[in-house]
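Geometric and topological summary
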Amino acid sequence: MSSSVRTPAATRAAPVRKLARAVQRVTSTALGPYQSAVVRIGFSLTWLLFLLCEYPHRHELYGPGGPWNWDMAQRLIANNHAFTALMWSPSEVWFEIVYGLAVVSAALLMLGWRTRTMSVLFMIGVLSLQNRSIFMGDGGDNVIHLMAIYLVLTRCGQVWSLDARREPGRDDRVGAVLWGALGACLTALTFTGELGGGWLLIFWGLWAVHALWWAAGRYAPGHPRVLLDVIANLVHNAGLFVIMAEVCLVYATAGWYKIQGSRWQDGTALYYPLHLDYFSPWPGLSGLLASSGVIVMVLTYGTVAVQVAFPFTLFNRRVKNILLAVMIAEHAAIAVLLGLPFFSLAMIAADAVFLPTGFLRRVGRWAARGRARVLRRPDEDVAAPQEQGPRPQEQIRTLVE
């Protein structure tokens, strides 16, 4: 009997082995290190650019003396129980502190400095400003709002970050000081009653997890640290899956709602925003595009088709990559034609979670070579720089390819 013939016992054991390999992969590896890094960079950069662009108008948007004044916001927060640090005090000084914290945390998260801590501070900055004036946002702000929460769950500093350059065995005094300062702030907020309910438990829980992680790495580097790594990988992979599901849900919902609209059905939906002065930063270009009925019809139907089809193309890598490129190009066109750059940047950052690992690694090598040329390092120009990657156990092809 040939050895290639599988016995019934081997046939029954095959699914068990596959399940065991899948469980081992999910628990031992933080999947998508490059995808999570580019999502981190994309959303923090988008939020940072928005805050800097709107800096002259920050008081009108989120300040206590703006159109949506402090009393109106206080009544709304009392009903929906949303988190915002801006409601702890109506003073202008406190507003400037929170706005400055949002800017600094976005910049440091983009650079990947203390990503675990900065992701929490980034979330605090986003929620504080957006929940203070909920009528100031658009679809891009809603995506940033959700992703700021999801990023806290991910290990988004494995690559392309200052954290990845830090020596693993180096004594982390800065982290201990930062952890102590944040603990003192939490203690003060707890005793003053400014922070309560579920958010108080969430922030104390995050603070305790950071303490446990540091203590295990310093005093129990064996099995306790391995167990914490397994839990962190599970949380990261779950967070990455939620981000992917959220992007699919956004596109599927948008596409199916468009199908129900009469203007999308007759192919004229894009004609009308192109004639609105508010959405026409380049009137000549908008007018030229709107003058062709065929182009308007093709873009209208193409937008609906791509959005509806994208979630179903995840099972075919080539088709998914083609539609992904089309959607990124579509958002870039929206930024130029309709004058919505931050919405487009937010959606492109969300789309980046599906970019292939090979492509992202090539982009990293190109960026490294460009940096070497700018810094005038001939030794790095001659030999291609070694790209910094995740730890050996994390060097694995991900499911999002």
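A quick note: this is a predicted structure, and the numbers were derived from the prediction, not measured. Each residue is numbered by its place in its chain's sequence as written, counting from 1. Per-residue local features of the predicted model are confined to residues with pLDDT of at least 70, and side-chain atom pairs are confined, for both listing and counting, to 80 or more; whole-chain, interface and lining totals are unaffected and use all residues. Hydrogens and waters are ignored; side-chain quantities use all the structure's heavy atoms.

With respect to the overall build of the protein
The helix count covers DSSP runs of H or I at least four residues long, the strand count covers runs of E at least two residues long, and both are numbered beginning at the N terminus. When helices and strands are counted, the protein shows 18 helices and zero strands. The buried label goes to any residue with under 20% of its type's maximum accessible area, the exposed label to any with over 50%, and the partly exposed label to all in between, with areas taken from a 1.4 Å probe on protein chains only. Relative to its full complement of 401 residues, the protein shows a buried share of 40%. Contacts in the protein between residues at least 24 apart in sequence constitute 75% of all its contacts with a sequence separation of at least 6. The Shrake-Rupley method, run with a 1.4 Å probe, gives the accessible areas here. Residue values count only the displayed protein chains as cover. Here the protein displays about 21900 Å² of accessible surface, and carbon together with sulfur accounts for 68% of that area. Pairs of residues are marked as contacts when any of their non-hydrogen atoms sit within 4.5 Å.

Some thoughts on the packing of aromatic side chains
Pairs were defined over the aromatic rings of Phe, Tyr and Trp, the Trp ring being its six-membered one, requiring ring centres within 6.5 Å. Orientation was assigned from the angle between planes: stacked under 30 degrees, edge-to-face over 60, tilted for the rest. According to the stated counting rule, one finds 18 aromatic pairs in the structure shown. Every member of this aromatic cluster is reached through a ring pair, and the members are Phe-83, Trp-88, Trp-94, Trp-199 and Phe-203. A positively charged side chain is recorded as over a ring if its NZ (Lys) or CZ (Arg) lies within 6 Å of the ring centre. The angle to the ring normal must also be within 35 degrees. The ring of Tyr-55 has Arg-58 sitting right over it, with the charged end atom 3.8 Å from the ring centre. Over the ring of Trp-264 we find Lys-258; its NZ or CZ atom is 5.2 Å from the centre of that ring.

Focus on the pattern of salt bridges
In the sections that follow, a salt bridge refers to a side-chain nitrogen of Lys or Arg positioned within 4 Å of a carboxyl oxygen of Asp or Glu. For the structure shown, the criterion picks out five salt bridges. Asp-229 is the salt-bridge partner of Arg-225, the closest N and O atoms lying 3.9 Å from each other. Placement of the pair is Arg-225 and Asp-229 together in helix α11 (residues 223-259), with a separation of four residues, close to one helical turn. The closest approach of N and O atoms between Asp-266 and Arg-263, which form a salt bridge, is 3.9 Å. Accessibility expressed as a relative area gives 39% for Asp-266, which makes it partly exposed. Relative accessible area serves as the criterion here: at 45%, Arg-263 is assigned to the partly exposed category.

Overview of the side chain of Ser-119
For Ser-119, the location among the structural elements is in helix α6 (residues 115-132). In terms of polar contacts, Ser-119 uses its side chain to reach the backbone carbonyl oxygen of Arg-116, at 2.9 Å. Once residues lying within four places of it in the same chain are set aside, the contact partners of Ser-119 are Leu-109, Ala-148, Leu-151 and Val-152. Polar contacts, as used here, are pairs of N or O atoms within 3.5 Å; protein pairs need one atom able to donate a hydrogen and one able to accept it. Residues neighboring in sequence count only if both atoms are side-chain atoms.

So, the environment of Pro-281
Along the polypeptide, Pro-281 turns up in the loop between α12 (262-265) and α13 (283-290). The class of Pro-281 is partly exposed, set by a relative accessible area of 41%. As for Pro-281 and Val-336, which are separated by 55 residues in sequence, their C-alpha atoms are 7.7 Å apart. Filtering out sequence-adjacent residues up to four positions away, Pro-281 remains in contact with Val-336, Leu-337, Leu-338 and Gly-339.

Quick notes on unusual backbone geometry
Although it is not a glycine, Arg-114 sits at a positive phi angle of roughly 50 degrees. Residue position: Arg-114 is located in the loop between α5 (92-111) and α6. With a phi angle near 55 degrees, Trp-160 is a residue other than glycine that sits in the positive phi range.

With respect to the packing of helix α2 (residues 33-53) against helix α16 (residues 341-351)
A fitted line through C-alpha atoms serves as each axis, taken over the contacting stretch for helices, and the angle formed by two N-to-C directions is quoted from 0 to 180°. One way to put it is that α2 packs onto α16 with a least axis distance of 8 Å and a crossing angle of 170 degrees. One finds that α2 runs roughly antiparallel with respect to α16. Residues Val-39, Gly-42, Phe-43, Thr-46, Leu-49, Phe-50 and Cys-53 of α2 form the contact with α16, whose participating residues are Phe-342, Leu-345, Ala-346, Ala-349 and Ala-350. Each residue is assigned to one of three groups, with Ala, Val, Leu, Ile, Met, Phe, Trp, Tyr, Cys and Pro labelled nonpolar, Asp, Glu, Lys and Arg labelled charged, and all others, Gly among them, labelled polar. Of the residues belonging to the contact of α2 with α16, the class tally is ten nonpolar, two polar and no charged. When an angle is under 35 degrees it counts as roughly parallel; over 145 it counts as roughly antiparallel; between 65 and 115 it counts as roughly perpendicular; any other value is oblique.

Overview of the nonpolar core
Here, the term nonpolar core denotes a set of buried Ala, Val, Leu, Ile, Met, Phe, Trp, Tyr and Cys residues that are joined through side-chain atoms within 4.5 Å. Counting residues in hydrophobic clusters, the biggest one holds 64 residues, and the most contacted among them are Phe-43 and Trp-47. Judged by nonpolar contacts, the second largest core, of six residues, contains Leu-274, Leu-289, Ala-290 and Leu-337.

Quick notes on α5
The first and last C-alpha atoms of α5 sit 29 Å apart over 20 residues, in line with the 28 Å expected at 1.5 Å per residue. Looking at α5, one finds that the buried residues are Phe-95, Val-98, Tyr-99, Ala-102, Val-103, Ser-105, Ala-106 and Leu-109. Seen along its axis, α5 keeps its buried residues to an arc of 165 degrees; they face one direction. Taken together, the buried residues of α5 touch α2, α3 (58-62) and α6. Following α5 by one or two positions, Gly-112 has its phi on the positive side, about 80 degrees. Helix span, expected: 1.5 Å multiplied by one less than the number of residues in the helix. Each direction from the helix axis to a C-beta atom contributes to the arc, which is the arc of those directions.

Notes on the packing of helix α7 (residues 139-151) against α16
Running from N to C, α7 and α16 cross one another at 40 degrees; their axes reach a closest spacing of 8 Å. Accordingly, the angle class assigned to the pair α7 and α16 is oblique. Along this stretch, α7 crosses α16, giving a crossing that reads as left-handed. Here Gly-139, Gly-140, Val-143, Ile-144 and Met-147 of α7 lie close against α16, whose contacting residues are Phe-343, Ala-346, Met-347 and Ala-350. In this scheme the crossing of two helices becomes right-handed for a clockwise turn of the near helix relative to the far one and left-handed for an anticlockwise turn of less than a right angle.

No statement about biological role is implied by the geometric values presented.
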